[in-house]
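Structural overview for review
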Amino acid sequence: MEKNNNKKCRRLEQRAPAATKTSEEESLTSSWNDNMEAADEVSQVEESESRNGALKMKKRLEKLHKARLEDAERRKEAKENHTVDKESVDYFFSTFNVERGAVEELLCGCLGADEKAVAQRLEEATSKTVQLQKFLNDSMVFLTTYDQRKAQVALQKLQTSLNETREQALPKKKFGFRGRTKATPASATVEDPVVSPPADHGASHVDGDPPSIQCTFSNMSNMVLTKTSEEITKEDVLLSHLSNCKVRLYGTPGTLHLKHIDRCEILCGPVSTSVFVDRCESSTLALACQQLRTHNTKNTRVYLHVTSRAIVEDCHGVSFAPYSWSYPNLEEDFRTAGLDPKRNNWDQVADFNWLAAGTPSPNWTVIPEGDRKTTWDL
């Protein structure tokens, strides 16, 4: 019995290491499986990160490619625009010079011609000069300030030659008294009239002065002045040497000239062509026109509707805002004057004394919205 028990003990001892080995193998196997699973997870994460990185790289390359295409398109468009602008300027000056030459030829043809032929040529030259001014006004959008001034100076010389030729070839008849005189149609409400000579001698010359102007208010102070549409439509209007006056011009003048204006409020309906302002100080103006030319003016507010551009020269403290005066039949007057009420370049001002590109002129400003005048009661 004892021998049998000893044999059984030895057999159990021999089996124990085997069992222990089996447990170690299982532990190693489990650890290996865990490592394999962890390796698979790492591999999947790395693969996922690799895919994400590839996607990000693809998006970055696509974005870069798109930016390059857009930049190339911008350069192409800028080049095309530059070409178009250059072609437009070249076309303008070639056409302008041809038409100017035609006017000069007409003026030369007046020398030695009979009165009827002279009258016809002067009429044609005047018409061509007006069209040339309109052509310049319409081309202001793409012309530089230098080109604008160059063309305007040439046009002024042409206008001067036209006026001189007219005076030489068709001298005015001497004035003679008639049996009755025609009353002046102008109406005025007098607050504190100051009687002065009616003549406007000594007034400085303003670009575009016509040979004679019939509709005028001159040498007046502290007055309320009004002209109706029937009086001024298609007429040249001159306001000169006015001080502390309020002026209302209803209708559509052909041109408007303002000279030596001090502390006045002047409101005018749509002007068919140009408004010329010279030596205006501490005043408020409401103007609608094709073109505005302002000289020697300071501390003046302009409520403007202009279809080409406003031009200032030798000015200081001039400020601009959109045209805000309103009266009955204003829309009809815009149509009569040939002005587009939807096209207003009131803040596109060319300063002939400030040619620094990219830097605003210190001579004019925009009136802040909160400071703009909207009611114009007398």
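Okay, so let's go over this structure.

Conventions and cut-offs
- Residues numbered from 1 in each chain as written.
- Predicted model: local features only at pLDDT ≥ 70, side-chain atom pairs only at ≥ 80, totals over all residues.
- Heavy atoms only, no water.
- Helix = DSSP H or I, 4+ residues; strand = E, 2+ residues; numbered from the N terminus.
- Contact = heavy atoms within 4.5 Å.
- Areas by Shrake-Rupley, 256 points an atom, 1.4 Å probe, with all protein chains shown as cover.
- Phe/Tyr/Trp six-rings, centres within 6.5 Å; stacked < 30°, edge-to-face > 60°.
- Lys NZ or Arg CZ within 6 Å of the ring centre and 35° of its normal.
- Buried < 20%, exposed > 50% of the residue type's maximum accessible area, 1.4 Å probe, protein only.
- Pairing = 2+ DSSP bridges.
- Patch = residues over 30% accessible without salt bridge, like charges linked within 9 Å, V, L, I, M, F, W, Y side chains within 5 Å.
- Salt bridge = Lys/Arg side-chain N within 4 Å of Asp/Glu carboxyl O.
- Core = buried A, V, L, I, M, F, W, Y, C linked by side-chain atoms within 4.5 Å.

Scanning the protein from terminus to terminus reveals five helices and 15 strands. Considering only residue pairs separated by 6 or more positions, the protein has 45% of its internal contacts joining residues 24 or more positions apart. With an accessible surface of roughly 23,700 Å², the protein has 51% of that area assigned to carbon and sulfur atoms.

Applying the stated criterion to the full structure yields 10 aromatic pairs. One aromatic cluster in this structure is built from Tyr91, Phe92, Phe93, Phe96 and Phe135. Geometry around Phe93 places Lys150 over its ring, the cationic atom sitting 5.0 Å from the centre. Over the ring of Phe217 we find Lys227, and its NZ or CZ is 4.7 Å from the ring centre.

Right, let's get into the pairing of strand E12 (residues 310-313). In E12, alternate side chains face the same way, and those of Ala310 and Val312 on one face and Ile311 and Glu313 on the other are all buried. Pairing of E12 with strand E14 (residues 349-351) involves three bridges; the strand directions are parallel. Along E14, the bridge assignment pairs Ile311 with Ala350.

What follows deals with the pairing of strand E9 (residues 284-289). Successive side chains on a regular strand alternate, one facing one side of the sheet and the next facing the other. Burial within E9 is extensive, with five of its six residues counted as buried. When E9 meets strand E11 (residues 298-306), the two strands line up parallel, connected through six bridges. Following the sheet pairing, Ala286 is matched in E11 by Tyr303.

Now for the side chain of Ser319. For Ser319, the position within the fold is in strand E13 (residues 316-322). When near neighbours in sequence (up to four residues on either side) are disregarded, Ser319 contacts Thr300, Arg301, Val302, Thr365 and Ile367.

Of note, Thr307 is situated in the loop between E11 and E12. On the accessibility criterion, Thr307 (11% relative accessible area) is buried. Residues contacting Thr307, with those up to four places away along its chain left out, are Cys289, Gln290, Leu339, Asp340, Arg343 and Asn345.

With that out of the way, let us pick up a nonpolar patch on the surface. A surface patch of nonpolar side chains, amounting to about 280 Å² of accessible area, comprises Met57, Leu61 and Leu64. Among the secondary structure elements, Met57 is positioned in helix H1 (residues 2-108).

Counting residues in hydrophobic clusters, the biggest one holds 36 residues, and the most contacted among them are Leu239, Leu256, Leu292, Leu304 and Phe320. Discounting chain neighbours no more than four positions away, the residues touching Phe320 are Leu292, Val302, Leu304, Ala310, Val312, Trp346, Val349, Trp364, Thr365, Val366 and Ile367. Counting residues in hydrophobic clusters, the runner-up holds 23 residues, among them Val89, Phe93, Leu107 and Ala154.

With a phi angle near 65°, Lys234 is a residue other than glycine that sits in the positive phi range. Position of Lys234 relative to the elements: it lies in the loop between helix H4 (229-232) and strand E4 (236-243). At Ser282, a residue that is not glycine, the phi angle is positive and equals roughly 50°. Residue Ser282 is classed as partly exposed on the basis of its relative accessible area, which comes to 35%.

By themselves, these are just geometric observations and shouldn't be taken as functional.
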